[in-house]
Amino acid sequence: MAGKATSIISEVDSLPLPADEWRWLHQADALVASGRIEEAVAQLKTLVHALPDSTRGYVRLANLLRQWRRAGEAREILETAVAHVPNCPVSREALADVCLEIGRYDDAIRHGRALLDLKKRSIHARDLLSTAYLHRGQYDRALRLTDEMIRLDPFEPAHHFKRGVVLQQAGHLSGSCEAFQRTLELSPEPELQEACRMAIDLLERYQIRQILTIASDDMLFRLRLLRDPLDASQQRGFSLSETAIAVLAAQLSHLVPDNQPGWRQYYYH
């Protein structure tokens, strides 16, 4: 949140700044620096009351409230800002963000779509909309927006990671693994790489369990797995790394013919 708040403030800071607005903002900044938060909040409220079209004042006030865990108040402030200047993308973006933060997903979608109307190529609008749709369980919409993010910025690892998360939640495990693998290829960040490796490992373990369960009831599939576990698993829509294929092959080596009772137990441990 801090990084996004800084981004919004930077965009607001590029707006024209009347002398009165500058004075109030400067005083509010000084109060925050000295730890007098409530006085800074009061100062900024005075500013937006006196200058109701001050996008800068509303956004500064909302971000200050969010930093102090008062996101509900921040939403109300930003609703007022949007009511005064409906076509301002800065306040609309901040409002969509805070709605997403406090779990008001329908409102986040409404304001996110309005933001996208104002900024047709906005990756952030697509990002927050895809997150809101994901929380709503609308995976197709979330995936469509995530794919648009990738088309707009194909080498950003975070977009591919987001795609992996959406596909995972939607139950498309092989596609999810591929998206996380693509993230690994693009990202130099250790934390993101570790998150991808953990996600891939969990997905592959789950897929192996699914494969073994199917094999327990499907003799033809079981025989194909014994001959070529990679090809047989791919034919069923699974996606496993070389390491996972080796694990699967080791599990398959324990299989015994159908005429030996008790062989099914191997598939449930």
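Above this text sits the structure in question.
These figures come from a predicted structure and were not determined experimentally.

1. Side note on the pattern of salt bridges
For the structure on display, the rule yields 17 salt bridges. Its salt-bridge partner being D127, residue K162 comes within 2.6 Å of it at the nearest N-O pair. With K162 in helix α10 (residues 157-170) and D127 in helix α8 (residues 123-135), this residue pair connects regions lying 35 residues apart in the sequence. Close ionic contact of R163 with D147 constitutes a salt bridge, the shortest N to O distance being 2.6 Å. Of this pair, R163 sits in helix α10 while D147 is found in helix α9 (residues 139-152), placing the two residues 16 residues apart along the sequence.

2. So, the packing of α9 against α10
One way to put it is that α9 packs onto α10 with a least axis distance of 9 Å and a crossing angle of 165 degrees. Classified by the angle between their axes, α9 and α10 sit roughly antiparallel to one another. In this structure, α9 crosses over α10, and the sense of that crossing is left-handed. Residues Y139, A142, L143, T146, D147, M149 and I150 of α9 form the contact with α10, whose participating residues are H159, H160, K162, R163, V166, L167, Q169 and A170.

3. A closer look at a nonpolar patch on the surface
A grouping of M219, L223 and L226 is seen on the molecular surface, where their side chains present a nonpolar patch of about 270 Å² in accessible area. In this fold, L223 is placed in helix α13 (residues 219-227). By relative accessible area, which is 39% here, L223 ends up partly exposed.

Each value, and the rule that gives it
Residues numbered from 1 in each chain as written. Predicted model: local features only at pLDDT ≥ 70, side-chain atom pairs only at ≥ 80, totals over all residues. Heavy atoms only, no water. Salt bridge = Lys/Arg side-chain N within 4 Å of Asp/Glu carboxyl O. Helix = DSSP H or I, 4+ residues; strand = E, 2+ residues; numbered from the N terminus. Axes fitted to C-alpha atoms, helices over the stretch in contact; angles between N-to-C directions. Parallel < 35°, antiparallel > 145°, perpendicular 65-115°, else oblique. Left-handed = near helix turned anticlockwise from the far one by under 90°. Contact = heavy atoms within 4.5 Å. Patch = residues over 30% accessible without salt bridge, like charges linked within 9 Å, V, L, I, M, F, W, Y side chains within 5 Å. Areas by Shrake-Rupley, 256 points an atom, 1.4 Å probe, with all protein chains shown as cover. Buried < 20%, exposed > 50% of the residue type's maximum accessible area, 1.4 Å probe, protein only.

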